[in-house]
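The primary structure of each chain is shown beneath.
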Amino acid sequence: MNQEYNDISHDIGQNLGGNEESISFAGKNYIPVFYDDFNGKELDEDRWERCPEWPRQDAGGYWSNNCSFLEEGNLVIEAKKDENGKLVSGAVRSKGKFEQNGGLYKIRFKAEKASGLWYAFWLMTDRVSKIGGGAVNGGEIDIIEILPNDPWQEEGKKTYLNSAVHWDGYGDRHKSHGSQYYIDDSFYDQWHEVTFEWTSEYYKAYLDDSSEPFWDSTIEGAETWGGIVKSSNYMKITAEFGKWGGEIAEDALPARMYVDWVKVYKAE
């Protein structure tokens, strides 16, 4: 494993923490570096941009600027069929506005259930395309992917939170590892909080008030995850259609993920 690459010192947008206070978590002290409660009328361009309107996945869907907007104090990430019958969904990112290595990431959200798509809160870097050195040299970190319907899982366990790391690009040498946490229908249409802890040694993610992580990289060891990412990553909040999400339920569209706030901290 190549341990030479280290991008920890690379920070963008260090005055975005608002009036949030320092907190303590898992025995560490953290200071706020990013906060958005989405209470404005328009997406805050100092913090976010809409993702390019690219085709996504294998169901013929596209990201669309019209599917990410603010409404009643929430960021709305919508998935629907547009007036031309095309599958479109929302996506925002903090690329070039806020990027960080490690820290504490918190999000409060609720999601509507609809088969054929998934919602995600994830961390991305252009260095994911670098081949060699594992995830240490740069990786995609999926904090949560909310799978309303996975056709490959056994009956009664078709909906879960997926957490994963991807590295070595997305071609023939692509590698990834994931962890699943099963949920049921009571998860949907309810507000939840996820806290993600990213240190130089591990990843851990917690749901609501649970003291037990639903994702804990220490169970299998850092090498299983390609090593711990050392690049500075930006945030993405997205929805997309794909076969991984099962058969598309058009009668459930439009479907939405609502985000009340996002907070990010770095260790003191």
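Rules used throughout
- Residues numbered from 1 in each chain as written.
- Predicted model: local features only at pLDDT ≥ 70, side-chain atom pairs only at ≥ 80, totals over all residues.
- Heavy atoms only, no water.
- Disulfide = S-S within 2.5 Å.
- Buried < 20%, exposed > 50% of the residue type's maximum accessible area, 1.4 Å probe, protein only.
- Phe/Tyr/Trp six-rings, centres within 6.5 Å; stacked < 30°, edge-to-face > 60°.
- Helix = DSSP H or I, 4+ residues; strand = E, 2+ residues; numbered from the N terminus.
- Lys NZ or Arg CZ within 6 Å of the ring centre and 35° of its normal.
- Salt bridge = Lys/Arg side-chain N within 4 Å of Asp/Glu carboxyl O.
- 1 Å grid on protein atoms, 1.4 Å probe; cavity = no way out; pocket = protein on both sides within 12 Å on 5 of 7 lines; lining within 4 Å.
- Points joined across faces, edges and corners; volume = space filled by probe spheres on them.
- Contact = heavy atoms within 4.5 Å.
- Core = buried A, V, L, I, M, F, W, Y, C linked by side-chain atoms within 4.5 Å.

A. View of the state of the cysteines. The full count for this structure, using the stated rule, is zero disulfides. Of the cysteine sulfurs around Cys 51, a residue in no disulfide, the closest is that of Cys 67, at 12 Å. When its relative accessible area of 2% is taken as the criterion, Cys 51 is described as buried. Accessibility expressed as a relative area gives 0% for Cys 67, which makes it buried.

B. Just the packing of aromatic side chains, in detail. A complete count under the given rule lists 15 aromatic pairs for this structure. Centroid distance Tyr 105 to Trp 198: 6.2 Å. Interplanar angle 25°. Geometry classified as stacked. Pair noted here: Tyr 105 is in strand 11 (residues 103–111) and Trp 198 is in strand 16 (residues 192–198), with a separation of 93 residues, a long-range link. Trp 198 carries the same exposure label as Tyr 105, and that label is buried. Three or more aromatic residues link up through ring pairs in this structure, and these residues are Tyr 105, Phe 196, Trp 198, Tyr 203, Trp 215 and Trp 225. Just above the ring of Trp 63 sits the side chain of Arg 56; from NZ or CZ to the centre is 4.1 Å.

C. Broad picture of unusual backbone geometry. Here the amide bond leading from Leu 253 into Pro 254 is cis, since omega sits at 0°, within 30 degrees of zero. Within the secondary structure, Pro 254 is located in the loop between strand 19 (233–241) and strand 20 (255–267). Non-glycine residue Asp 189 carries a positive phi angle of around 65°. The phi torsion at Asp 208 lies on the positive side, around 55°, for a residue other than glycine. With respect to the helices and strands, Asp 208 occurs in the loop between strand 17 (203–207) and strand 18 (215–216). A relative accessible area of 35% means that Asp 208 is categorised as partly exposed.

D. The arrangement of the pattern of salt bridges in detail. The final tally for this structure, using the stated rule, is 13 salt bridges. Linking Asp 260 and Arg 108 is a salt bridge whose minimum nitrogen-to-oxygen distance equals 2.8 Å. Taken together, the residues Asp 260 in strand 20 and Arg 108 in strand 11 connect sequence positions 152 residues apart. Measuring nitrogen to oxygen at the nearest pair gives 2.5 Å for the salt bridge that ties Lys 113 to Asp 185. Here Lys 113 is found in the loop between strand 11 and strand 12 (117–124), whereas its partner Asp 185 is found in the loop between strand 15 (175–182) and strand 16, with 72 residues between them in sequence. Looking at Asp 185, the relative accessible area reads 49%, which means it is partly exposed. What emerges from the salt-bridge pattern is a single network uniting Glu 71, Glu 78, Lys 80 and Arg 256.

E. Representation of the layout of surface pockets within the structure. A volume near 400 Å³ is recorded for the largest pocket. No other element matches strand 12, which puts four residues into the lining of the largest pocket.

F. Fine view of the environment of Lys 80. For Lys 80, the location among the structural elements is in strand 7 (residues 74–81). Separated by 173 residues in the primary sequence, Lys 80 and Leu 253 place their C-alpha atoms 5.3 Å from one another. Among all residues touching Lys 80, those that are not within four sequence positions of it are Cys 67, Lys 86, Leu 87, Val 88, Phe 241, Leu 253 and Pro 254.

G. Expanded view of the nonpolar core. Among the nonpolar cores identified, the biggest contains 54 residues, and Phe 196, Tyr 203, Met 235, Ile 237 and Val 262 are the most heavily contacted of them. Residue contributions to this core peak at five residues, all from strand 20. Contact partners of Val 262, with chain neighbours within four places excluded, come to Phe 34, Tyr 35, Asp 36, Phe 38, Trp 48, Lys 106, Ile 107, Phe 121, Met 235 and Ile 237. Counting residues in hydrophobic clusters, the runner-up holds eight residues, among them Trp 63, Ala 120, Trp 122 and Tyr 234.

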